[in-house]
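Next come the chains, spelled out residue by residue.
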Amino acid sequence: DVPVNITAIVAGETDVLNLAVAATRYLVRHLRLKSADPGVNNVTVRLYELINDVATVVDTFTITTANFATYFSLMDMFGVPHLAGDNLRITVQATGGGPYIVTGQWSHCLAT
């Protein structure tokens, strides 16, 4: 298990996880994320996967003042129970204000 203690900022994306070692297949089995209250702003969670050899945003999730108190799972954010792939990246970024503390936990394994 890997703890998450990062900040979402406006200036750029902060990695929650970035699994991208060549010739390695990953399975992210568990992820929970929670953000501090972003007030009138939002915290955007982005999921990147490899498409045509390019890391591409395939899904996003928004944390707002209305839902920030919840620890969100992969199913909540992206509609899947787990992630599998050769290049997986999840980031957070604030739309304004901040920085906002983002906490949680994730775990993965390597597929052979």
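Everything quoted here is computed from the prediction, not taken from an experiment.

Colleague: Explain the nonpolar core to me, please; I cannot follow it from the model alone.
Modeller: It is characteristic of soluble globular proteins that their nonpolar side chains tend to be buried jointly. Among the nonpolar cores identified, the biggest contains 27 residues, and Val45 and Ile90 are the most heavily contacted of them. Residue assignment for this core shows that the elements contributing at least two residues are β1 (2–8), β2 (14–19), β3 (25–35), β4 (43–51), β5 (54–63), α1 (74–78), β8 (88–94) and β9 (100–111). Ignoring any residue separated from it by four or fewer positions in sequence, one finds Ile90 in contact with Thr14, Asp15, Val16, Leu17, Leu31, Val45, Arg46, Leu47, Leu74, Phe78 and Leu83.

Colleague: How do you make sense of the pattern of salt bridges when you look at a structure like this?
Modeller: A full pass over the atoms with the stated rule returns three salt bridges. Its salt-bridge partner being Glu13, residue Arg46 comes within 3.7 Å of it at the nearest N-O pair. Of this pair, Arg46 sits in strand β4 while Glu13 sits in the loop between β1 and β2, placing them 33 residues apart in sequence. Looking at Glu13, the relative accessible area reads 30%, which means it is partly exposed. The partner of Arg89 in a salt bridge is Asp15, and the shortest N-O contact between them spans 2.7 Å. In this pair, Arg89 is assigned in strand β8 and Asp15 in strand β2, connecting sequence segments 74 residues apart. By relative accessible area, Arg89 is classed as partly exposed at 23%.

Colleague: Please clarify how the side chain of Thr44 should be interpreted in this entry.
Modeller: Counting through the fold element by element, Thr44 comes out in strand β4. For Thr44, a relative accessible area of 13% translates into the label buried. Setting aside anything within four residues of it in sequence, one finds Thr44 in contact with Thr60, Phe61, Thr91, Val92, Gln93 and Thr95.

Rules of the game
Residues numbered from 1 in each chain as written. Predicted model: local features only at pLDDT ≥ 70, side-chain atom pairs only at ≥ 80, totals over all residues. Heavy atoms only, no water. Core = buried A, V, L, I, M, F, W, Y, C linked by side-chain atoms within 4.5 Å. Buried < 20%, exposed > 50% of the residue type's maximum accessible area, 1.4 Å probe, protein only. Helix = DSSP H or I, 4+ residues; strand = E, 2+ residues; numbered from the N terminus. Contact = heavy atoms within 4.5 Å. Salt bridge = Lys/Arg side-chain N within 4 Å of Asp/Glu carboxyl O.

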